[in-house]
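Results of the structural survey
So you can see what is in the structure, the chains are spelled out below.
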There are 2 protein chains.
Amino acid sequence: MYYIGVDLGGTKIAIGLVDKKGHLVYKDSTPTLNERDNEEIIDDIVKLSKKIMEEKGLTKEDIISIGVGSPGTCNPNDGIIVKAYNLGFDNLNIRKMIEERIGIKTYVDNDANCAAFGEFKVGAGEAYNSALVITLGTGLGGGLILNGNIISGSYYGGGEFGHMVLSVDGRQCTCGRKGCWEAYSSATALIKATREAAKANPSSKINDIVNNIDEITAKTPFDAVLLGDKVAKDVIDEYILYLAEGIVNMINCFEPEIIVLGGGVSAQGEVILVPLNKLINEKAFGGNTKTTIGIATLGNDAGIIGAALLGSN
Amino acid sequence: MYYIGVDLGGTKIAIGLVDKKGHLVYKDSTPTLNERDNEEIIDDIVKLSKKIMEEKGLTKEDIISIGVGSPGTCNPNDGIIVKAYNLGFDNLNIRKMIEERIGIKTYVDNDANCAAFGEFKVGAGEAYNSALVITLGTGLGGGLILNGNIISGSYYGGGEFGHMVLSVDGRQCTCGRKGCWEAYSSATALIKATREAAKANPSSKINDIVNNIDEITAKTPFDAVLLGDKVAKDVIDEYILYLAEGIVNMINCFEPEIIVLGGGVSAQGEVILVPLNKLINEKAFGGNTKTTIGIATLGNDAGIIGAALLGSN
C-alpha cells in the first residue's frame, strides 16, 4: 500500500509515491502553467497520479490516499482551497474534484504545513510528539504540529510564524508590517544584510569571494567568516540573534518538543546550532529550555512526503 | 453533582463549589502561609474542601472532582507541581496527596491556565472552540486552549505569552530579556509609562487627578484622556499599539477563534476594543482577521471556576 503526495507550486506540480514507512519511492513533475483553468490543473494532478500507478504496476486499491499541499489558505476539514492567489484558486473543492476523477480518498493542506508534517512524521521530528518546523528560505515559513495535529488556526489563517513582529517599527516586511521575523531571519534577509555590509565595507573579504555583490548568496557570509572576516561575522551574529529571539518566543508560547530548521541556511548545521543553542538557553523563560533544535532532513521532498502522509493521521 | 475548585496563591488559598453549569455557588478562603511545610498547605486544601461539603450538606459522592490551580510549572498528566518557588513546592504530587486524604479524583494545572480555562468554558470564550486569554495585570499572563485542550507546552513550560519579545533590545523585562510584551502591555507597564509621562509633563491633567504620581493607577491615564489630556492620549495610544502588535503576532501564529482580555485594564471595554480592533485588522496577515477580541467576564473567580472545571474535560 502506498500514498500519493502532490506538492502543488506556482511553477511546478511535483508528485511522488510514498510507501507506508514514509519513503519516497518514485517522483515525477509537470509545469503548473498557473494561468490555466483550475480544471486543467486538477486534470494534470490526476493524470500524473494515474501515470505513477501505471509505471509502478499499481491499481487504485493499492493507494491509501492522495494528499495535496497547496499554497494559500486551505481548509483541510472540507478539502477546499479557500484562496490561492498564484494559482487563481478561489474556494476550490479540490478534494471533491480529485475524488470524482480518480476514486481515491483525497486530503489537502497548506504547502508549508505539509512540509512541516513530513519532517514531523519521518524527518528530523520523527521521534517527537510535537514539532515546529521553520523554513529559512525566500520567506520564513513554518508549520506547527502539536500531539500529531497540524495547527492551522481556527479559520486556517494561522501558521504565519514569519509574520511575528520581533521589532516594532523595525525592518519593513513584504506583508506591510514592520519588524517581522521574516525580515530578519529569512535567507533573503541574510543576503540583503550581507550585500549592504559588503557595500559599506569595501575591504571585507565578502567582496573577495564574489565578483559583484549581486552574486552574494546566503552561503557567502558563512564562507567569509571562515576566512576570518569580521564584517561577515557581525552579519551572521545579528542573523543568529534574531533567529534565537524568534525561536525563544515560540518556546515561551507553546514549547514544542523540537524546533526543526529547514531551508538553505540550515545546511550550515552546527555553525548555526552551537551559537543558537547558547542564546536560546540564555533567553528562554526560566533558562535552559528542554526543546531540542534540529536540522531538517528531507530537503525539498518534505512537501511531497508530508502531503502524502496527510492520509496516515 | 458539583466540582470543587482551588485557586492556590502565594498569599491565599481560595476555594469554591462549582455546579455542573460552571456557576460558582459557594466560596471560602484561608491564608496560604506559604512558609509552611507542603503537607500543611495540602491539609488546609482538604480541610476547606470538607468544610464546603459540610456547609452545603454534600458527601464525597456529590463531588465529581477537585481541581487545583497552582503557580509555577505543573504537570497535569501526572498531577504533579514540578516547581512553584513562592510555595516552596518541588515535584510535589498534589493529586496523590489530595486523593489519599479525601478520596476524590483530583486535577492540577497552572493558575493562569485555569483562569483561561474558566473563561473558555463558561466566560467570554464559552461559545468558541479555541481561545487565548490574556490577563493584563501585574504581569501579562495567559492561557491558550485549542479544540478544548489547554496548550501548556511539551514540558509544561509554554504559555508564557507575556515573554514574547516585541522589541529586540527594548524595555527591560523582569525575566531578564529585553522588549517582552509584558514590559509594554501589563498594567504595571501602563502605570510606569503614565508616571513617567506625568513627571515629564507637569502641565498634564494626569497631575491634576492625583496628589502625587505614586497614586497613579492603570485607570488614571484613561480618566485623563476623558478630560482631553494629550499626554495621557499618547501613553494610551502607545499602550494599545503594543497590545495590538502582540495580539496580531498571536493571531498570525495560531489564530484562535477568540482572544479574551482580562485584568484591570480590560475593564475599559470599548475604550480599548475600538482602537485595538482597528489596529489588529490593519496589521493581521492578509488583513481583517476573523478572530474575535472580547473582554473577560468572570473576574477574579475565573481561576477557581477553571480549576474546578478541569475535571469536566
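Residues numbered from 1 in each chain as written. Chains lettered and ligands numbered in written order. Predicted model: local features only at pLDDT ≥ 70, side-chain atom pairs only at ≥ 80, totals over all residues. Heavy atoms only, no water.

Considerations on the interface of chain B and chain A
In this complex, chain B contributes 38 residues to the contact, which on the side of chain A involves 38 residues. Taken together, the two surfaces of chain B and chain A that pack against each other cover about 3,200 Å², and 57% of this comes from carbon and sulfur. Together, Tyr155, Val168 and Arg177 of chain B form the three largest contributors to the area buried by chain B at its contact with chain A, with a combined 22%. Summed over the shared surface of chain B and chain A, the number is 2 salt bridges. Seen at the junction of chain B and chain A, the total is 32 residue pairs in polar contact (both at pLDDT 80 or more). For the side of chain B that touches chain A, the element with the highest residue contribution is helix α8 (residues 230–254) of chain B, accounting for 10 residues. Across the side of chain B that touches chain A, the residue classes tally to 19 nonpolar, 12 polar and 7 charged. (Contact = heavy atoms within 4.5 Å. Buried area = accessible area lost by both parts, 1.4 Å probe. Salt bridge = Lys/Arg side-chain N within 4 Å of Asp/Glu carboxyl O. Polar contact = N/O pair within 3.5 Å; in protein donor to acceptor, adjacent residues only side chain to side chain. Helix = DSSP H or I, 4+ residues; strand = E, 2+ residues; numbered from the N terminus. Nonpolar A, V, L, I, M, F, W, Y, C, P; charged D, E, K, R; others polar.)

Some remarks on the relation of the copies chain B and chain A
If you rotate chain B by 180° and push it 0.0 Å along the axis, it lands on chain A with an RMSD of 0.0 Å. The transformation relating the two chain copies, once decomposed into turn and shift, fits a two-fold axis. Of every C-alpha in chain B, the one belonging to Ser167 of chain B sits nearest the axis of rotation, 2.0 Å from it. A shared binding surface is used by both copies, with 100% of the interface residues of chain B retained as interface residues in chain A. (Least-squares fit on C-alpha atoms with pLDDT ≥ 70 in both.)

What about the pairing of strand β13 (residues 292–295) of chain A?
All names here are of chain A. Here strand β12 (residues 258–262) runs beside β13; their pairing, made up of 4 bridges, is parallel. Among the inter-strand pairings, Leu261 is bridged to a residue of β13, identified as Ile295. On the question of chirality, the crossover connecting β12 to the parallel β13 by way of helix α9 (residues 270–283) is right-handed. (Pairing = 2+ DSSP bridges. Right-handed = clockwise from strand over helix to strand, strands pointing away.)

Here we look at the sheet that holds strand β8 (residues 106–110) of chain B
Residues and elements named next belong to chain B. Taken in spatial order, the 5 strands make up an open sheet running β3-β2-β1-β4-β8, and their pairing is mixed. Of all the strands in the sheet, the pair left with one neighbour each is β3 (24–31) and β8. Here the strands of the sheet are splayed against their neighbours by 20° on average, with no regard to which way each runs. Two elements, strand β4 (residues 63–70) and β8, share 5 bridges in a ladder whose sense is parallel. Along β8, the bridge assignment pairs Val68 with Val108. Contacting β1 (2–8), β2 (12–19), β3 and β4, helix α1 (residues 38–55) runs over the sheet at an angle of about 35° to β2. Its contacts with the sheet put helix α2 (residues 94–102) on β1, β4 and β8, and the angle it makes with β8 is roughly 150°. (Axes fitted to C-alpha atoms, helices over the stretch in contact; angles between N-to-C directions.)

Topic: the pairing of strand β6 (residues 80–84) of chain B
Within a regular strand, side chains alternate between the sheet's two faces. Residue and element names in this part refer to chain B. Here strand β5 (residues 73–75) pairs with β6 via 3 bridges, running antiparallel. When the sheet's bridge partners are listed, Thr73 is paired in β6 with Lys83. Between β5 and β6, which pair antiparallel one after the other, the connecting turn spans 4 residues, and Gly79 there sits at a positive phi close to 75°. Bridge analysis of β6 against strand β7 (residues 89–92) gives 3 bridges, and the strand direction is antiparallel.

A look at the packing of helix α3 (residues 111–122) of chain A against helix α10 (residues 302–309) of chain A
Residue and element names in this part refer to chain A. Where α3 contacts α10, the two axes come as close as 7 Å, and the packing angle between them is 80°. Between α3 and α10, the interaxial angle falls into the category roughly perpendicular. Only Ala302, Gly303, Ile305, Gly306, Ala307 and Leu309 of α10 make contact with α3, whose side of the interface consists of Cys114, Ala115, Phe117, Gly118, Glu119, Lys121 and Val122. (Parallel < 35°, antiparallel > 145°, perpendicular 65-115°, else oblique.)

Brief notes about the sheet that holds β12 of chain A
Residues and elements named next belong to chain A. Pairing within the open sheet is mixed, and its 5 strands lie in the order β11-β10-β9-β12-β13. One side of each edge strand has no neighbouring strand; the edge strands of this open sheet are β11 (149–150) and β13. The sheet strands contacting α3 are β9 (131–136), β10 (140–146), β11 and β12, and the helix crosses β10 at an angle near 55°. On the sheet, α9 packs against β12 and β13 and is oriented at approximately 160° with respect to β13.

Section: the packing of helix α1 (residues 38–55) of chain A against helix α2 (residues 94–102) of chain A
Residues and elements named next belong to chain A. Running from N to C, α1 and α2 point in directions that differ by 45°, and their axes come no closer than 10 Å. Accordingly, the angle class assigned to the pair α1 and α2 is oblique. When you trace α1 past α2, the crossing you get is right-handed. Along its contact with α1, which presents Glu39, Ile42, Asp43, Ile45, Val46, Ser49, Lys50 and Met53, the element α2 presents Ile94, Met97, Ile98, Arg101 and Ile102. Here the contact of α1 with α2 is built from residues that sort into 8 nonpolar, 1 polar and 4 charged. (Left-handed = near helix turned anticlockwise from the far one by under 90°.)

Notes on unusual backbone geometry
Not every positive phi belongs to a glycine, and Tyr156 of chain A is a case in point at roughly 65°. Inspection of the secondary structure puts Tyr156 of chain A in the loop between β11 and α4 (182–185).

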